[in-house]
There are 2 protein chains.
Amino acid sequence: MATLILQSLGCDVAAINTVQLSNHLGYGRARGSRTTPLEIIEIWAGLNEAGLNNFDILLSGYLPDESFIDSVLRIVRESRQNNRKNSKETLFWLLDPVMGDNGRFYVSETIIPAYKQALPYADLILPNHFEAEILSEVKILDVKTLETALSTLHSRFNVPHVIITSLNLTYPGVDKNSLIIAGSSMKSDKSPRIFIVKVPKIDCLFSGTGDMFSALTLVRFREAVCEIPGLTQVSHWLSLDSVRSIDLPLAKAAENVLASMHEILTISIKCRDEEMNAYYEMVGGVEAANANENASRKHKAALAKAAEVRISRNLPLLKYPMKMFNAIEL
Amino acid sequence: MATLILQSLGCDVAAINTVQLSNHLGYGRARGSRTTPLEIIEIWAGLNEAGLNNFDILLSGYLPDESFIDSVLRIVRESRQNNRKNSKETLFWLLDPVMGDNGRFYVSETIIPAYKQALPYADLILPNHFEAEILSEVKILDVKTLETALSTLHSRFNVPHVIITSLNLTYPGVDKNSLIIAGSSMKSDKSPRIFIVKVPKIDCLFSGTGDMFSALTLVRFREAVCEIPGLTQVSHWLSLDSVRSIDLPLAKAAENVLASMHEILTISIKCRDEEMNAYYEMVGGVEAANANENASRKHKAALAKAAEVRISRNLPLLKYPMKMFNAIEL
């Protein structure tokens, strides 16, 4: 999904797939094959030989284990060397540290130290609430601890930009129907300047929204940075200390990304409901859909398919979202 | 490239990659891995288990050898069974028989009988001049032999729709600066009705234009078929015998496809020239670019990169091409 989003927003992408699976795991199980870390390095060697090694940006998402992080880190470091040699801007690395959600790991916990080692090389990271806690070692319970977590990611791990992609947090005006995201670009003294955005919660578990968020953020952040004269030449695209949190390019990016996501997911949930109503009509109701093991397996697959994010028919909404949400200063 | 084009034109795509390479072979060499025919069948099994097996359309492109054709053929046949079981339209198969060009094979010639066995299952094939000759066993030298070749593909192999994607043929008004494509949808007696389109030749070897042609043709053909009431329900989307060749949905599709291709390739060649001029300025001229083996290798890679088709920044041109070319009756 990230590749399509990047391409449809005008990026030339050299994608290295870490898996080739029949379907995402929202369907319960999948068949197919996985790329090994060695194969990733082999492709990187091929890109080098073909002179295709002067990238502006690297986006990394789900990585199965620490050996994959090592491979990506190697690509980041060698890319930066290449770019220096060619007097090119340094590579910007958006690292999405996909580890788990809601207190549960998707990957082995042995990945944590590898991510912590990688963080100082990243320019922007996009952890969710759980991942931000794991990386910062700060339990995020309120505004104060949120600030501590972001502060730690900036100062201890030297990460210039962070967006925490969803927070379960009591905050004025935030109830069970909404959620908040929080972002920060550090100042020169590594202190955070935090903005938050409140958005309505959409009641459906969609697969791929993490990829969607990171691909959109990358493009929108780059766009917002390009609007500030000279900022692409500044190390890590870090804004002057005088820039307020809600005026940060990162905040502008987040506003745009959340608007696109809200529009696409609203459509997706409408389509899901229509598809599932048709399904229940076809099989003879919800009860019949769960009548036995075979029916229930088909039902689960139908639910997963109905909940696919509707991207390809809604690319214009991705590209030109309506202004919907405003960042506020924490 | 096919996946991006299909998605950007609104198709939901389940793509099975046959290779994951660092670059296309226009760069001289590439590293990476190949999917095996068994892995393809494994992914197909996974799609079945996840209930993702009721496809409308299958597009197959480059297949390394006959075992891959067997895998695809199995998917086509099982898909059609699935669709019948679910009272769904039968799967439409666009088979692009990628074998070679200008008298030279890219693949082993042992693939020929496998393609010939597959042809009767295909709805639309897109051979180039060389491939059309191989499959029809007719040397295409003039209008008469072109007619014989198309007639053979319809009647002997039962292929309903054919577009020969480029023809080297003397024809009134066609000189070295232009080329022609020829298409035909068979009548109920399997006789051809042939249209041709003349287009200006673009002087550059682009990689991926075959994929671009087939993905665009698929979408545009489907669109044109949908405009004729009831035609999607007709077996193989075959138009009534009374429809003249230039009024065929296939002819409308070809006009649109060639317009998109012409616009995108015109831009691509302009970008290529700009990039290569900048390159020669950087290295100190064309002579310096070939001064030694190392320079020459870099030069070749730079040429290949400069000649990449510019898709992602020009998707609107793909989507809304200007009307440029008109099919004419042969």
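It should be emphasised that the depicted structure is a prediction, and the values quoted were computed from it without experimental measurement. (Residues numbered from 1 in each chain as written. Chains lettered and ligands numbered in written order. Predicted model: local features only at pLDDT ≥ 70, side-chain atom pairs only at ≥ 80, totals over all residues. Heavy atoms only, no water.)

**Regarding the overall build of chain A**
Then step 1. In terms of regular secondary structure, chain A is built from 11 helices and 11 strands.
Then step 2. Here the C-alpha radius of gyration of chain A, 20 Å, is about what a compact globule of 330 residues would show, namely 20 Å.
Then step 3. Across the 330 residues in chain A, those meeting the buried criterion constitute 51%.
Then step 4. Considering only contacts in chain A between residues 6 or more positions apart, those separated by 24 or more positions represent 69%. (Helix = DSSP H or I, 4+ residues; strand = E, 2+ residues; numbered from the N terminus. Rg over C-alpha atoms; globule rule 2.2 N^0.38 Å. Buried < 20%, exposed > 50% of the residue type's maximum accessible area, 1.4 Å probe, protein only. Contact = heavy atoms within 4.5 Å.)

**Considering the relation of the copies chain A and chain B**
Then step 1. Taken as rigid bodies, chain A and chain B are interconverted by a rotation of 180 degrees and an axial shift of 0.0 Å, the fit giving an RMSD of 0.0 Å. Seen this way, the second copy is the image of the first under a two-fold rotation axis.
Then step 2. A shared binding surface is used by both copies, with 100% of the interface residues of chain A retained as interface residues in chain B. (Least-squares fit on C-alpha atoms with pLDDT ≥ 70 in both.)

**Considering the layout of surface pockets**
All names here are of chain A.
Then step 1. If you add up the space inside the second largest pocket, you get close to 310 Å³.
Then step 2. Looking at the lining of the second largest pocket, the element that brings in the most residues is helix α8 (residues 249-283), giving 4 residues.
Then step 3. Classifying every residue of the lining of the second largest pocket gives 11 nonpolar, 3 polar and 5 charged. (1 Å grid on protein atoms, 1.4 Å probe; cavity = no way out; pocket = protein on both sides within 12 Å on 5 of 7 lines; lining within 4 Å. Points joined across faces, edges and corners; volume = space filled by probe spheres on them. Nonpolar A, V, L, I, M, F, W, Y, C, P; charged D, E, K, R; others polar.)

**Points about the sheet that holds strand β7 (residues 124-125) of chain B**
All names here are of chain B.
Then step 1. The sheet built from 7 strands is open, its strands ordered β3-β4-β7-β8-β9-β10-β11 with mixed pairing. Whereas interior strands pair on both sides, the edge strands pair on one side only; in this sheet they are β3 (57-60) and β11 (328-329).
Then step 2. Sheet analysis places strand β8 (residues 161-167) next to strand β9 (residues 178-185), joined by 5 bridges and oriented antiparallel. Following the sheet pairing, Ile164 is matched in β9 by Ala182.
Then step 3. Where helix α8 (residues 249-283) meets the sheet, its contacts fall on β7, β8, β9 and β10 (194-200), and the angle it forms with β10 comes to roughly 10 degrees. (Pairing = 2+ DSSP bridges. Axes fitted to C-alpha atoms, helices over the stretch in contact; angles between N-to-C directions.)

**Some thoughts on the sheet that holds strand β10 (residues 194-200) of chain A**
Residue and element names in this part refer to chain A.
Then step 1. Strand order in the open sheet formed by 7 strands is β3-β4-β7-β8-β9-β10-β11, and the pairing between neighbours is mixed. Either end of the sheet is taken by a strand with one partner, and the two such strands are β3 (57-60) and β11 (328-329).
Then step 2. The strands that helix α7 (residues 209-226) touches are β3, β4 (92-95), β7 (124-125) and β8 (161-167); relative to β3, the one it contacts most, it runs at about 160 degrees.

**Observations regarding the interface of chain A and chain B**
Then step 1. With 35 residues of chain A at the contact, the number on the chain B side is 35 residues.
Then step 2. Around 3,100 Å² of area is buried between chain A and chain B when both sides are counted, 48% of it from carbon and sulfur atoms.
Then step 3. The largest contributions to the chain A side of the interface with chain B come from Gln20(A), Arg31(A) and Glu49(A), which together make up 22% of the buried area.
Then step 4. In this assembly, chain A and chain B are joined by 8 salt bridges.
Then step 5. Here Arg313(A) ties to Asp12(B) by a salt bridge, and the two come within 3.3 Å at their closest N and O atoms.
Then step 6. Linking chain A to chain B there are 16 residue pairs in polar contact (both at pLDDT 80 or more).
Then step 7. Every element with two or more residues in the side of chain A that touches chain B is listed here: α1 (2-8), β2 (32-34), α2 (37-49) and α10 (293-306) of chain A.
Then step 8. For the side of chain A that touches chain B, the element with the most residues is α2(A), which contributes 7 residues.
Then step 9. Residue classes in the side of chain A that touches chain B are distributed as 12 nonpolar, 14 polar and 9 charged. (Buried area = accessible area lost by both parts, 1.4 Å probe. Salt bridge = Lys/Arg side-chain N within 4 Å of Asp/Glu carboxyl O. Polar contact = N/O pair within 3.5 Å; in protein donor to acceptor, adjacent residues only side chain to side chain.)

**Some points on the pattern of salt bridges**
Then step 1. This model, assessed by the stated rule, comprises 36 salt bridges over all chains.
Then step 2. With its nearest N and O atoms 2.3 Å apart, the salt bridge here joins Lys116(A) to Glu137(A). Taken as a pair, Lys116(A) in helix α4 (residues 111-118) and Glu137(A) in the loop between α5 (129-136) and α6 (143-155) lie far apart in primary sequence, 21 residues in all.
Then step 3. For the salt bridge of Arg220(B) with Glu223(B), the shortest nitrogen-to-oxygen distance reads 2.9 Å. Taken together, the positions of Arg220(B) and Glu223(B), both in helix α7 (residues 209-226) and 3 residues apart, correspond to about one turn of that helix.

**Some words on unusual backbone geometry**
Residues and elements named next belong to chain A.
Then step 1. Positive phi, normally seen in glycine, also occurs at Ser87, with a value near 45 degrees.
Then step 2. For Ser87, the position within the fold is in the loop between α3 (66-85) and β4.
Then step 3. Here Ser87 falls in the exposed class, since its relative accessible area comes to 72%.

**Here we look at the packing of aromatic side chains**
What describes a pair of aromatic rings is the distance from one ring centre to the other and the angle between the planes of the rings.
Residues and elements named next belong to chain A.
Then step 1. A complete count under the given rule lists 10 aromatic pairs over all chains for this structure.
Then step 2. An angle of 70 degrees between the planes, with centres 5.0 Å apart, marks the rings of Phe105 and Phe130 as edge-to-face. Here the residue Phe105 occupies a position in strand β6 (residues 104-105), and Phe130 occupies one in helix α5, the gap between them amounting to 25 residues.
Then step 3. These aromatic residues form a ring-pair network of at least three members: Phe92, Phe221 and Trp237. (Phe/Tyr/Trp six-rings, centres within 6.5 Å; stacked < 30°, edge-to-face > 60°.)

**A closer look at the UniProt feature "domain: Pyridoxamine kinase/Phosphomethylpyrimidine kinase" (unreviewed entry) in chain A**
Then step 1. Taking the numbering used here, the UniProt-annotated feature "domain: Pyridoxamine kinase/Phosphomethylpyrimidine kinase" (unreviewed entry) corresponds to residues 92-196 of chain A.
Then step 2. What you have in residues 92-196 of chain A is 28% helix and 27% strand, and the ends, taken at the C-alpha atoms, are 23 Å apart. (UniProt positions renumbered as here; feature names shortened; annotations may be inferred.)

**Thoughts on the environment of Ile196(B)**
Residue and element names in this part refer to chain B.
Then step 1. Inspection of the secondary structure puts Ile196 in strand β10.
Then step 2. The spatial distance from the C-alpha of Ile196 to the C-alpha of Glu329 is 6.4 Å, given a sequence separation of 133 residues.
Then step 3. Apart from the residues lying within four places of it in its own chain, the contact partners of Ile196 are Tyr171, Ile180, Ile181, Ala182, Asn326, Ala327, Ile328 and Leu330.

**A short note on the pairing of β3(A)**
Residues and elements named next belong to chain A.
Then step 1. Going residue by residue along β3, you find Leu58 and Ser60 tucked away on one face and Ile57 and Leu59 left uncovered on the opposite face.
Then step 2. Bridge analysis of β3 against β4 gives 4 bridges, and the strand direction is parallel. Bridging across to β4, Leu58 finds its partner in Trp93.

**Considering the side chain of Thr217(A)**
All names here are of chain A.
Then step 1. For Thr217, the location among the structural elements is in helix α7.
Then step 2. At a separation of 2.7 Å, a polar atom in the side chain of Thr217 contacts the main-chain carbonyl oxygen of Phe213.
Then step 3. Those residues in contact with Thr217 that lie beyond four places of it in its chain are Leu124, Leu126, Ile163, Ala253 and Val257.

**Overview of helix α3 (residues 66-85) of chain B**
Residue and element names in this part refer to chain B.
Then step 1. In this model α3 runs 29 Å from its N-terminal to its C-terminal C-alpha over 20 residues, within 8% of the 28 Å that 1.5 Å per residue would give.
Then step 2. Phe68, Ile69, Ser71, Val72, Leu73, Ile75, Val76, Ser79, Arg80, Asn82 and Asn83 are the residues of α3 that are buried.
Then step 3. The inward-facing, buried residues of α3 contact α2 (37-49), β3, β4 (92-95) and α4 (111-118). (Expected span 1.5 Å × (residues − 1).)

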